[in-house]
Amino acid sequence: MQNKGLVKLFALLFGLVSIYQLSFTFKAKQIENAAEEIAINKIADTEEGYRAKRSAEETAYLESIATDTVFNMGIAKFTYNEVKQKAMNLGLDLKGGISATLQISIRDILKGLANHTKDPIFNKALDDAAEIQKNSQNTYLEDFFIAFDKIKGDTKLASPDIFYTKALDGEISGNMTDDEVKTIISTKIDESVVSAFEVLRKRIDEFGVTQPTIQRIGTSGRILVELPGVKDKERAIKLLQSTAQLEFWDAYKGEQFFPFLAQANEVLKDVVSPKTETAEQEPQDTEDAQDSAIDDLLGEAETDSTAVASTVNPIFDLIRGQGYQGGPIIAQFEAKDKETIENYLSMAQVRALLPAEQRYAKFVFGKPKKGSELLDLYALKGNRENEPELSGAVVTDARNQFGATGKSEVSMQMNAKGAKIWEEMTGNAYTQGSQIAIVLDNVVYSAPGVTTGPIAGGSSSISGDFSLNEAIDLANVLRAGKLPASADIIQSEVVGPSLGQEAIDSGKMSFMIALALVLIWMVFYYGKAGAFADVAMALNILLIFGILSGLGAVLTLPGIAGIVLTIGMSVDANVLVFERIREELAKGKGQKEAIQDGFSNALSSILDANITTGLTALILFIFGTGPIKGFATTLIIGIGTSLFTAIFITRLLIDWYSNRGGNLAFSTGMTKNLFRDIRIDFLSKRKIAYIISGVFIVVSLGSLFTNSLDQGVDFVGGRTYQVRFNHDVSASEITGVLSSPDVFGSANAKIFGDANQVKITTKYLVEETGSEVDEQIRKTLYTALQPYFEGLTYEEFISDADTKTVGLLKTDKVSPTIADDIKQESFWAVLGSLIVVFLYILIRFKKWQYSLGAVAAVFHDVLIVLGVFSLTYKFMPFSMEIDQAFIAAILTVIGYSLNDTVVVFDRVREFFNEHTGWKFDRVVNASLSSTLSRTLNTSLTTLVVLLAIFIFGGDSIRGFMFALIVGVLVGTYSSLFIATPVMYDTINRLEGKKKEED
C-alpha cells in the first residue's frame, strides 16, 4: 500500500479529533453528575417538595458555573457553556429534551381571513370570545361563533366587511347563511393550523438532526412539540414562535425628522408628567429649546452626559446618540426606553405634527447590537395601507453565508415578481442616495444603501451583525416559510427519555456485550488478522461518534440502527478482504502477494456494496424527515468511516505485522478448512425457494389486508394523560402495567418533569369519542395505577382542584405524529433510493437483470418483515407497534439486503469474466458458494449484535430489534435464493428468446 505515512497521519488526526469531540460529552456528564450530587446532599428527601428544590438547586449550580472554566485541556480552556455546547446530544428517546405546547392564534387567522376588518361587531365578537375562553372547554373558533351570534343583529358573516372578501371570493358569496360560512371558515382555520404544523416541522428539520415529536392536539389549534437533546432552549423557543414577517421598506434620511422630534418633545411636555421634581428654573424660550435639541442631535453642541438635565424633555432626555449625516438613523435610545418612545410616537397629537409628505411614516427600532444596550430608531416610508412595497413572500430561497468582511449574513433569492420590484426599489435608492430597510418581525435588521445602481436578478443579502446560529436560524425560517398566525408557547417542560433510564442502561450493556462477542468471534475465526480488524472496528466506532458529536447531531434510536448496520458493514468489509486473502493463499501464493491481491480483489465488492447503500442513505437524507433523516445521517457517516478503517487501517496493521516477519494465516486451527471447497447447486433449488417465498409473500399480503398492522400512536393518534404520583416511579414499569392486554394493550409512559410525574400515551379506543368513552378510559387508568397511589380515591384522582398535587393533572387527545404527507414522503424517499440503486447497478454491471434481482430481493424482504409483524403482533410477549422507529428498522433491512446482494453480484461478474468457458449456471453457483463464508460470517456477526440487544436491551426496544433480526435473516436468504436466481432467470430467458429469433 502506498502513502502509508499519509494514512497514518489521517488516522492519527481523525482519532485525536474524535477523542477531542467526545471528551466534551464525558466532561459535561461528569459536571452534571456532580451538580446532581450537590443538590442531593444539600436537600434531603424528607423536605416537602424536595424534587423541585433539588432541580432548582441543580440548575442554579450549573448556571453559576456557566462562564467558569471547567475544562482545561492544556492547549485550551473551556467554560461549562462551551463544554455543554460541544457535547453530544441524545434524542428524546435516549435522554429527553423539552416539550412545548404552542397555541396557534385562531384570532389572528380570523382577522386575516376578514382582511383585518374594522367592523365593530366582528372585533367585539373576537374580544368576547377571548373572555368566554377563560371558562370554556370549547375551541376559540366555537366561542367566536357563539359570541358573534349573540351580538350580530342584522350583520352576516358573509358581509363584505367580514368574510365576503376578495381573497375568499369564489368560496364565500354574499347570499350565504351564517351556518354555511361557518363551515367554510372552520375548514380555512383547519388548513391554516395544518400550514402552521408544516412550517414548524420544516423549521425543526432544519434546526438539527433530530427525531422530534410534532402533534396536533385535537381541533384546538394547539401543537405539541418535543425537541430532543436541545442545547439552547431559548434559541429553540424563539425559532418555534418566530412569525418571520420579512419586509422591505424605503427609509427616510434621519435628519429629515429632527424638526419633528423637537416639536414632538415640546407637545409631550404638556402631556407627560415629569419623572423628577426640579428646582424652580428660568423660563426657556420654546424656539431656543428646539434649536438646542437639534444641535444636540447633530452633535454641534458640547454636552455633559453625566449632568442631570435641568429641564424635563420627554424625548430628548432619553436620546443617547445619533446617526450619521445622510443615514437612515434618527437617534439612539436605550433598550429599556423602547416602549416609551414607541408610545410617544404613536400618540395622535404627536403624529399630527408630521408634514403631509411624511404623515404615513412608520417608526421602527433596529436590532440590538452585541454588547450594547442602545437601539437605533428609523423612519420608514409608509402608506395608507401600512403595507411594505415588497414582502418576504417573494423570497424563494435563503442561505446563511459569510460576507466580504467575514461576518455571517443571509443571502436571498426572489421570484420574478419580487426581482422586478426589487430592481425598482434599489434603482430609486441609488438615484436618491437613500437606504432600503430590511425589516423582520417589525425590527430593522439592516438598512443598506445602494452604491452600484439597480440590483437585477432578485438576489440580495441581509447583514446585521449576526452570530452564525442567528444567520442559520433566520435562513431556516425564511426558507421554511412564515407561520400563518402567531404561535404562543403556553406550556414548556423538560421531559424524560421515552425508553426509560433502565432501558438505556440495559441498552448500553447489551451493546457492549454484543460488541465484545463480535470482537471475540473475529479473533476466533481469523486469528491475529481478526485482532487487527477489531482495532480498525474500534477506531470506526470512535470516528462515528466523534463525527456525530462534532456535527452537533442528535443520536436517537433510528440513529443507533444506522450504527448497528454500519458495524455490520465494517465487519463485512474485513471479512471480504480476509476471505479473498485466504483464497489467494490457497492458490499457493506467498503471504505478501496474497495480501496485496486479496485487498485489490476485494476492493471492487467493498466499494459497490458501500456505494449502493450510501446512495440509498443519501436519497433518504435529502427527501426524508424525522427518523429517516436521523438514520440516513448516521449511515452516511458510518459508510465513510467503515471504508476508511477497513481499506486503510486494517491494511496498515496487517502490512506492519507482515513486514516485521509475522505469520498471518487468516484462520485458526478450528476454522482453517471451514467453508472450503463448497460446491452447492443453489440454482437447482431456486424453484423451491420461489415457492417458499411466494407462499410467505401471499400470506404476508393476506395478513396485511385482513389483519393489518398494530399501528402505534405515531400513525393513528391517541390520548395523553399527565399523571403525578407522591413518590418516584419507573416509566418502563408503568409502561408494562398499562400495556397488559387487560388494561390498554398498548401504552407508553415517560418521565415528564420530575421523577414522580409521567406522561402516558395510548391509542386505546382512539376511534371512539364521547364523554362516556373518556370516563371509561380514565377509570381503567385509575384502576391500573391504583397500587401506586396511597389511598387516593377515583374522585380525587380526576378532580380539577387547584391545590391538587397527585393524580390526573391533564388530558389531551393528540393527532398522529406521522402525518399523511410524512408517510408519502417516506414512501417516495424509499422508492427514489431504490430507483437510484437500480440505475447504479445497471451502470456497474451493464445488465438491467442485476438491478431487477437486487430490487426484487428488497421488496421480498420488506414484505416478509411486514407480514411477520402482521401475523404475530397479537400474541408476541412484547410490543410490536409500528412507529417511527420501525421505519428505521425497515430502512436498515433495505440497506443490509442491498449490501449482501451486491457482494454476490460482484463475484458473479468476476467469475463470468475469468471463466469464459463456463456455463452461466456454473458461474452463478460457484459465485454463491465462494461467497458463502463471507455471507454467513457477516450475517452471524450482525445477528450476534442484534440478539444481544434484543435479549438484554429491555422491553421497549424488543419490537425494534425483532424487526432487524427478521430482516437480517430474510436478507441473507434472499441474496442467495431470490436476488441471484431472479437475475439468472431473466438473463437466461432473454438469451433463450434471442436464440429462438436466430
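Residues numbered from 1 in each chain as written. Predicted model: local features only at pLDDT ≥ 70, side-chain atom pairs only at ≥ 80, totals over all residues. Heavy atoms only, no water.

Caption draft 1: Molecular detail of the overall build of the protein. Each helix and strand in the protein was counted, giving 30 helices and 23 strands. Residues classed as buried in the protein amount to 52% of the 998 residues present. Of the roughly 45800 Å² that the protein leaves accessible, carbon and sulfur atoms contribute 56%. (Helix = DSSP H or I, 4+ residues; strand = E, 2+ residues; numbered from the N terminus. Buried < 20%, exposed > 50% of the residue type's maximum accessible area, 1.4 Å probe, protein only. Areas by Shrake-Rupley, 256 points an atom, 1.4 Å probe, with all protein chains shown as cover.)

Caption draft 2: Highlighting a nonpolar patch on the surface. A cluster of nonpolar side chains, L6, L9, F10, L13 and F14, forms an exposed patch at the surface whose accessible area comes to about 440 Å². Residue class for F10 comes out partly exposed when judged on its relative accessible area of 36%. (Patch = residues over 30% accessible without salt bridge, like charges linked within 9 Å, V, L, I, M, F, W, Y side chains within 5 Å. Salt bridge = Lys/Arg side-chain N within 4 Å of Asp/Glu carboxyl O.)

Caption draft 3: The packing of helix α4 (residues 106–113) against helix α6 (residues 140–151), seen in detail. Running from N to C, α4 and α6 point in directions that differ by 55°, and their axes come no closer than 9 Å. The angle between the axes of α4 and α6 places the two elements in the oblique class. α6 is crossed by α4, and the crossing has right-handed handedness. Every residue of α6 that contacts α4 at I106, R107 and L110 is listed here: Y140, L141 and F144. (Axes fitted to C-alpha atoms, helices over the stretch in contact; angles between N-to-C directions. Parallel < 35°, antiparallel > 145°, perpendicular 65-115°, else oblique. Left-handed = near helix turned anticlockwise from the far one by under 90°. Contact = heavy atoms within 4.5 Å.)

Caption draft 4: The arrangement of the packing of aromatic side chains in detail. Per the stated rule, a full pass over the model turns up 40 aromatic pairs. Centre to centre, the rings of Y782 and F797 are 5.3 Å apart; their planes meet at 50°, and the pair counts as tilted. Taken together, the residues Y782 in helix α23 (residues 771–785) and F797 in helix α24 (residues 794–798) connect sequence positions 15 residues apart. Seen from their ring centres, F912 and F920 are 5.8 Å apart, and the 90° between their planes marks the pair as edge-to-face. Residue classification places F920 among the buried positions, given a relative accessible area of 14%. Here the basic side chain of K86 rests over the ring of F24, its NZ or CZ set 5.6 Å away from the ring centre. Sitting over the face of the ring of W918, R922 holds its NZ or CZ atom 3.9 Å from the ring centroid. (Phe/Tyr/Trp six-rings, centres within 6.5 Å; stacked < 30°, edge-to-face > 60°. Lys NZ or Arg CZ within 6 Å of the ring centre and 35° of its normal.)

Caption draft 5: Structural context of the pairing of strand β9 (residues 329–334). Taken across its 6 residues, β9 has 5 buried, putting it largely inside the fold. Of the pairings in the sheet, the one linking strand β8 (residues 319–321) to β9 comprises 2 bridges and is antiparallel in character. Residue pairing in the sheet places G321 in a bridge with Q332 of β9. Alignment of β9 against strand β11 (residues 374–380), held across 5 bridges, turns out to be antiparallel. Bridge pairing links I329 to Y378 in β11. (Pairing = 2+ DSSP bridges.)

Caption draft 6: Structural view of the side chain of S434. Secondary-structure assignment places S434 in the loop between α13 (416–432) and β15 (435–440). Owing to a relative accessible area of 7%, S434 belongs among the buried residues under this scheme. Residues in contact with S434, not counting those within four places in the same chain, are A251, N428, A429, G449 and V450.

Caption draft 7: Broad picture of the packing of helix α5 (residues 120–133) against α6. Packing of α5 against α6 leaves a shortest axis separation of 8 Å and a crossing angle of 125°. With respect to α6, the axis of α5 lies oblique. Seen from above, α5 lies across α6 with right-handed handedness. Two secondary-structure elements touch here, α5 through I121, F122, K124, A125, L126, D128, A129, A130, I132 and Q133 and α6 through Y140, D143, F144, A147, F148 and I151. Residue composition of the contact of α5 with α6, grouped by class: 12 nonpolar, 1 polar and 3 charged. (Nonpolar A, V, L, I, M, F, W, Y, C, P; charged D, E, K, R; others polar.)

Caption draft 8: Molecular detail of the side chain of E584. Here E584 is to be found in helix α17 (residues 557–586). The buried category is assigned to E584, whose relative accessible area is 2%. Every residue in contact with E584, bar those within four places of it in the chain, is listed here: K589, A594, D597, G598 and N601.

Caption draft 9: Quick look at unusual backbone geometry. Positive phi outside glycine occurs at H116, with the angle close to 50°. Here H116 shows up in the loop between α4 and α5. Phi is positive for S708, which is not a glycine, with a value near 60°. Here S708 is to be found in the loop between α20 (686–706) and α21 (713–716).

Caption draft 10: Expanded view of α4. Every buried residue of α4 is listed here: I106, I109, L110 and L113. Looking straight down α4, one finds its buried side chains confined to an arc of 100°; they lie on one side. One or two residues past the end of α4 sits N115, with phi positive at roughly 55°. (Arc of directions from axis to C-beta.)

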